[in-house]
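Per-entry structural report
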Amino acid sequence: MANLETTYLGLKLKNPIIVSSSGLTNSADKIKKLEQAGAGAVVMKSLFEEQINHEAGRMIDESEYPEAEEYIYNYVKENSVSEYLKTIKEAKAAVKIPVIASINCASAKDWTGFAKEIQEAGADALELNMHIIPVTKSRGPVEFEQLYFDIVEKVKSLISIPVAVKISYHFSNILNFVHQLEARKVEGVVLFNRFYEPDINIDTLKFSTSKIFSTPDDIRHSLRWIGILNSFKNRIEVSATTGIHSAEGVIKMLLAGAETTQICSILYKNDINEIGVILDELTKWMDEKSFEKIGDFRGLLSYKSTKHPAVYERAQFMKYFSKVE
Ligand SMILES: Cc1cc2nc3c(=O)[nH]c(=O)nc-3n(C[C@H](O)[C@H](O)[C@H](O)COP(=O)(O)O)c2cc1C
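Structural notes, computed from the coordinates. Please read all numbers here as calculations on a predicted model, not as lab measurements. (Residues numbered from 1 in each chain as written. Predicted model: local features only at pLDDT ≥ 70, side-chain atom pairs only at ≥ 80, totals over all residues. Heavy atoms only, no water.)

1. With respect to a nonpolar patch on the surface
Inclusion rule: Patches here are clusters of residues that have more than 30% relative accessible area and form no salt bridge, with a 9 Å joining cutoff for like charges and a 5 Å cutoff for nonpolar side chains (Val, Leu, Ile, Met, Phe, Trp, Tyr). In these tables, accessible area is a Shrake-Rupley quantity obtained with a 1.4 Å probe, and a residue counts as shielded only by the protein chains included in the view. A pair is scored as a salt bridge if a Lys or Arg side-chain nitrogen falls within 4 Å of a carboxyl oxygen belonging to Asp or Glu. Each helix is a run of H or I in the DSSP string that is no shorter than four residues. Each strand is a run of E no shorter than two, and both are numbered from the N terminus. The rule is simple: take the accessible area with a 1.4 Å probe, protein chains only, and divide by the maximum for that residue type; under 20% is buried, over 50% is exposed, in between is partly exposed.
Among the surface-exposed residues, Ile 200, Ile 202 and Phe 207 lie close enough to one another that they form a single nonpolar patch of about 410 Å² accessible area. As for its position among the elements, Phe 207 is in strand β11 (residues 206-209). Note on Phe 207: relative accessible area 68%, which makes it exposed.

So this is what it looks like as structure tokens:
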């Protein structure tokens, strides 16, 4: 029978299915259940730099004692952090699979000290969830990218556990951006996060929320860039996210060259037993294709491995328009 073992960020995984950062991974109990359901690893719900500041700000607004401002700010910060650290410790005591902590951040300021505490609490790695929306026309892409690198450099100087960076696809040159992460000794990159997007309700003339969960069609952006990146990267490892709803999605990402795959929406839509279904189907597919281990087919259809790399470069529909007409 096929062997699903793999490695990611230097960690041993019994299979390439990671449950991605979300409400599914925000407690030790849930993480334990995910391990029992077959997950190879988990990424904990992000601790939000923004959330800590917002909570502190709200309490300060409600306080009758302006002089308490600094105390409240520090108190909330400490509590959010201590809750998070407690969850890491509890999860680590409860499971054998790797537990990857996650921080959502947009600056290299105050919060970076938490990274060290996260390491001391026992997290196996740290995922930095970063998506900075540039709402200004006075600063260019280089300045914005530098924000990411400042954060990475700061965090890497503080901790020794592996670091992965989870990004969006809003970069002019993904390959160069990842190359810059690699130069800063980042161990992993997660392509691509899916975000809350605003929508507008034309009846109420109010804002609404776009769909929170992905569909299998959403796999394509990540698939294209994982396939291309596989041929241009050196040591940095890739974890695929967005739109992976089945064994088919997992297999596609591995064929394109991902080291691991992260799933979220499908577990919300069905339940966590979906992990077992995906693992069974992945094993069956590998057996049918006579692949004994993940390494036998990982990257087989990456940009450089395929005989048709142009499929990764093609972005226009010209040919299809002529057929449809
Ligand atoms: C309810 C919900 C909460 C999420 N929270 C986080 C988070 O805290 N940090 C993060 O990096 N990603 C978060 N995500 C993004 C997921 O980890 C995942 O990358 C994204 O949903 C795409 O994967 P999917 O198509 O399998 O859902 C969240 C997604 C959902 C649906």
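2. Considering the packing of helix α4 (residues 112-120) against helix α5 (residues 141-158)
Inclusion rule: Note on method: axes are straight lines fitted to C-alpha atoms, helices fitted across the in-contact stretch only, with angles between N-to-C directions ranging 0 to 180 degrees. An angle counts as roughly parallel when it lies under 35 degrees, as roughly antiparallel when it exceeds 145, as roughly perpendicular when it falls between 65 and 115, and as oblique in every other case. Each helix crossing is assigned a hand: it is left-handed if the near helix lies turned anticlockwise from the far helix by less than a right angle, otherwise right-handed if that turn is clockwise. Only heavy atoms enter the contact rule, under which two residues are in contact if any of them lie within 4.5 Å. Residues are grouped as follows: Ala, Val, Leu, Ile, Met, Phe, Trp, Tyr, Cys and Pro are nonpolar; Asp, Glu, Lys and Arg are charged; every other residue, Gly included, is polar.
At a closest axis distance of 9 Å, the pairing of α4 and α5 adopts a crossing angle of 40°. Relative to α5, the element α4 lies oblique. The way α4 lies across α5 gives a crossing that is right-handed. In contact with Thr 112, Gly 113, Ala 115 and Lys 116 of α4, α5 contributes Lys 154, Val 155 and Leu 158. Class assignment of the residues belonging to the contact of α4 with α5 gives a composition of three nonpolar, two polar and two charged.

3. A few points about unusual backbone geometry
Phe 192 follows Leu 191 through a cis peptide bond whose omega is -25°. Examined against the element boundaries, Phe 192 turns out to sit in the loop between β9 (188-191) and β10 (198-201). Of note, Lys 185 is a non-glycine position whose phi angle comes to about 65°, a positive value. Along the polypeptide, Lys 185 turns up in the loop between α6 (174-183) and β9.

4. Regarding the packing of α6 against helix α7 (residues 220-229)
Where α6 contacts α7, the two axes come as close as 11 Å, and the packing angle between them is 60°. One finds that α6 runs oblique with respect to α7. Read as a crossing pair, α6 and α7 show a hand that is right-handed. For the pair α6 and α7, the contacting residues are Ile 174, Leu 175 and Val 178 in the first and Trp 225, Ile 228 and Leu 229 in the second. Residues belonging to the contact of α6 with α7 are distributed by class as follows: six nonpolar, no polar and no charged.

5. Observations concerning the packing of aromatic side chains
Keep this limit in mind: Stacked, edge-to-face and tilted labels apply to pairs of Phe, Tyr and Trp rings (six-membered ring for Trp) whose centres lie within 6.5 Å, assigned for plane angles under 30 degrees, over 60, and everything in between, in that order.
Throughout the structure, instances matching the rule amount to 11 aromatic pairs. The interplanar angle of 70° and the centroid separation of 5.3 Å between the aromatic rings of Tyr 148 and Phe 171 together place this pair among those described as edge-to-face. Here the residue Tyr 148 occupies a position in helix α5, and Phe 171 occupies one in the loop between β8 (163-167) and α6, the gap between them amounting to 23 residues. Residue classification places Phe 171 among the buried positions, given a relative accessible area of 12%.

6. So, the pattern of salt bridges
The full count for this structure, using the stated rule, is 12 salt bridges. Residues Arg 194 and Asp 218 are paired through a salt bridge, measuring 3.6 Å at the closest nitrogen-oxygen approach. On the criterion of sequence distance, the pair formed by Arg 194 in the loop between β9 and β10 and Asp 218 in the loop between β11 and α7 is long-range, its members being 24 residues apart. Given a relative accessible area of 30%, Arg 194 falls into the partly exposed group. Take Asp 218: its relative accessible area is 28%, and that puts it in the partly exposed class. The salt bridge involving Lys 293 is made with Asp 296; its shortest N-O contact spans 2.8 Å. Take Asp 296: its relative accessible area is 26%, and that puts it in the partly exposed class.

7. A few points about the pairing of strand β7 (residues 125-129)
Our working definition: One requirement defines pairing of two strands: DSSP has to find at least two bridges between them. Handedness rule for crossovers: strands pointing away from the viewer, path from the first strand over the helix to the second running clockwise, crossover right-handed.
Across the five residues that make up β7, a large majority, five, are buried. In terms of strand pairing, strand β6 (residues 99-104) meets β7 through five bridges, oriented parallel. Within β7, the position partnered with Asn 104 by the bridge is Asn 129. By the bridge criterion, four bridges tie β7 to β8 in an arrangement that is parallel. Among the inter-strand pairings, Leu 126 is bridged to a residue of β8, identified as Val 163. For the segment spanning β7, α5 and β8, crossover handedness is right-handed.

8. With respect to the site of the ligand
Which entries qualify depends on this criterion: Whether a residue is near a molecule or strand is decided by its heavy atoms; if any one of them lies within 4 Å of it, the residue is near. For this analysis, a polar contact is any N or O atom pair within 3.5 Å, provided that within protein one partner can donate a hydrogen and the other can accept it, and provided that sequence-adjacent residues contribute only side-chain to side-chain pairs.
Residues in contact with the ligand amount to 20 residues; listed here are only the nearest, Ser 21, Ser 46, Ser 214, Gly 243 and Ser 265. Between a nitrogen atom of the ligand and a side-chain N or O atom of Ser 46, the distance comes to 2.6 Å. Isolated, the ligand exposes 610 Å² of accessible area, and the fraction of that covered by the protein chains is 89%.

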